Amino acid sequence: MASAALLGELGRPHHRPFLIGVSGGTASGKSTVCAKIMELLGQNEVDHHQRKVVIVSQDRFYRVLTIEQKAKALRGQYNFDHPDAFDNELMYKTLKDIVEGKTVEVPTYDCVTHSRLQETMTVYPADVVLFEGILVFYSQEIRDMFHLKLFVDTDSDVRLSRRVLRDMKRGRDLEQILTQYTTFVKPAFEEFCLLTKKYADVIIPRGVDNMVAINLIVQHIQDILNGDICKWQRGAVNGRGLKRALSEQGGVANGIPNPPGKRVLLEPSSRPH
């Protein structure tokens, strides 16, 4: 029987969770990819207290705006895609607590009113944590915490159309959406987000439409959940293992091309943008 010192807050053995970072441009499908992973693992049907896999969004860590900044945000004149828009200290502290197996309270941010709400989301100790956002790889301090880094690579026109539809559903004016995109979103993506693509262990073109890639990642996570949870800590389960699996599936990894007639489903981070 495990000693009390080795038991987590929910009675499960205490261990460091496997932390996966999921990045990509605005509306690239990061949250959709994470949701599909949860669905395929059957974690959506599990009570929040007992889930082995959890999702946390970087969007929850937007800074509390001043009155002047909030007024700009409501006019579409505030840059939410700049690294300074996030409370990086709180984000790092929260992730550090999660990695240490603690139960944490994650802030809730309302993207319609641009306000941090009083309500929080409780994140219980889990075996695997998916942390998604446009700039999750930007800070080296945070980037170095991830055991596996994924980049969702979606065509810019697709991302723009998705963003327009999403923001219009939030009640925003089309002209304001497009002005904000050309003024802040697109330049920030090229300056800050796209440059972090080189840090990814695995790049996923077409997001959730790339089900071969999603299934490989799900199997990778399932191996962690079913096997010795400490196995990955010894280097047996990591991004390199996933790339090897990709190679066996006929993808492009470590310079191995696809067989004729097969599309590239994953790319290693060493390939050019």
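Residues numbered from 1 in each chain as written. Predicted model: local features only at pLDDT ≥ 70, side-chain atom pairs only at ≥ 80, totals over all residues. Heavy atoms only, no water.

The name an unreviewed UniProt entry assigns to the protein chain is Uridine-cytidine kinase, from the organism Acipenser oxyrinchus oxyrinchus.

Novice: Just to check I follow, could you spell out the overall build of the protein chain for this structure?
Specialist: From N to C terminus, the protein chain includes eight helices and eight strands. The buried share among the 273 residues of the protein chain stands at 48%. Only carbon and sulfur atoms are counted for the fraction: they give 52% of the accessible area of the protein chain, which is about 13,700 Å². (Helix = DSSP H or I, 4+ residues; strand = E, 2+ residues; numbered from the N terminus. Buried < 20%, exposed > 50% of the residue type's maximum accessible area, 1.4 Å probe, protein only. Areas by Shrake-Rupley, 256 points an atom, 1.4 Å probe, with all protein chains shown as cover.)

Novice: What is the right way to look at a nonpolar patch on the surface in this model?
Specialist: A contiguous nonpolar patch, built from M168, L174 and L178 and spanning about 240 Å² of accessible area, is present on the exposed surface. Its location among the elements puts M168 in helix α5 (residues 156–169). By relative accessible area, which is 42% here, M168 ends up partly exposed. (Patch = residues over 30% accessible without salt bridge, like charges linked within 9 Å, V, L, I, M, F, W, Y side chains within 5 Å. Salt bridge = Lys/Arg side-chain N within 4 Å of Asp/Glu carboxyl O.)

Novice: I would appreciate a short explanation of empty space enclosed by the protein in the present structure.
Specialist: Rolled over the atoms, a probe as big as a water molecule pinpoints where empty space is left. What the rule picks out here adds up to two cavities of 30 Å³ or more. Volume-wise, the second largest cavity comes out at about 50 Å³. Along the walls of the second largest cavity sit G25, T26, D81, I134, L135, V185, A188, F189 and C193, which together make up its complete lining. Split into classes, the residues belonging to the lining of the second largest cavity amount to six nonpolar, two polar and one charged. (1 Å grid on protein atoms, 1.4 Å probe; cavity = no way out; pocket = protein on both sides within 12 Å on 5 of 7 lines; lining within 4 Å. Points joined across faces, edges and corners; volume = space filled by probe spheres on them. Nonpolar A, V, L, I, M, F, W, Y, C, P; charged D, E, K, R; others polar.)

Novice: Even after reading the chapter, I still don't get the nonpolar core, so can you show me in this structure?
Specialist: A general trend in soluble globular proteins is that nonpolar side chains are found buried together. One finds V56 and F131 to be the most contacted residues of the largest nonpolar core, which totals 36 residues. Secondary-structure elements contributing two or more residues to this core are β2 (53–57), α3 (88–99), β3 (104–110), β5 (128–132) and α6 (174–193). Contact partners of V56, with chain neighbours within four places excluded, come to F61, I98, V106, M121, V123, V129, L130, F131 and E132. I37, V202, I204 and A213 belong to the second largest nonpolar core, which has 23 residues in total. (Core = buried A, V, L, I, M, F, W, Y, C linked by side-chain atoms within 4.5 Å. Contact = heavy atoms within 4.5 Å.)

Novice: Before we go on, may I ask you to explain the environment of G171 in this structure?
Specialist: Along the chain, G171 falls in the loop between α5 and α6. As for G171 and V112, which are separated by 59 residues in sequence, their C-alpha atoms are 8.3 Å apart.

Novice: Which parts of the structure should I look at to understand the packing of α5 against α6?
Specialist: The relative placement of two packed helices comes down to the angle between their axes together with the axis-to-axis distance. At a minimum axis separation of 11 Å, α5 and α6 run at an interaxial angle of 135°. Between α5 and α6, the angle is such that the two are oblique. The interaxial crossing formed by α5 with α6 has right-handed handedness. Together, S156, R159, L160, R163, V164, D167 and M168 of α5 and L174, I177, L178, Q180, Y181, V185 and F189 of α6 make up the contact between the two elements. Each residue belonging to the contact of α5 with α6 can be placed in one class, and the counts come to nine nonpolar, two polar and three charged. (Axes fitted to C-alpha atoms, helices over the stretch in contact; angles between N-to-C directions. Parallel < 35°, antiparallel > 145°, perpendicular 65-115°, else oblique. Left-handed = near helix turned anticlockwise from the far one by under 90°.)

Novice: Please clarify how the pairing of strand β4 (residues 115–123) should be interpreted in this entry.
Specialist: Walk down a regular strand and you will see the side chains alternate between the two sheet faces. Sheet analysis places β3 next to β4, joined by seven bridges and oriented antiparallel. In the sheet register, E105 faces β4, and the bridge partner there is T122. Counting the residues that bridge the hairpin from β3 to β4 gives four residues, and of these H114 lies at a positive phi of roughly 55°. (Pairing = 2+ DSSP bridges.)

Novice: Looking at this model, I keep getting lost on α6. Mind explaining?
Specialist: Because an α-helix completes one turn every 3.6 residues, residues spaced three or four positions apart along the sequence face the same direction. Across its 20 residues, α6 extends only 24 Å between first and last C-alpha, which sits more than 12% below the 28 Å expected from 1.5 Å per residue. The largest bend along α6 reaches roughly 45° and is located at Y181. Buried residues of α6: I177, Q180, Y181, F184, V185, A188, F189, F192 and C193, and no others. Buried-residue contacts for α6 involve β1 (18–24), β6 (148–153) and α5. For α6, the N-terminal capping position is held by D173, with its side-chain oxygen 3.0 Å away from the main-chain nitrogen of E175. (Expected span 1.5 Å × (residues − 1). Bend = angle between axes of the 7 residues up to and from the residue. Polar contact = N/O pair within 3.5 Å; in protein donor to acceptor, adjacent residues only side chain to side chain.)

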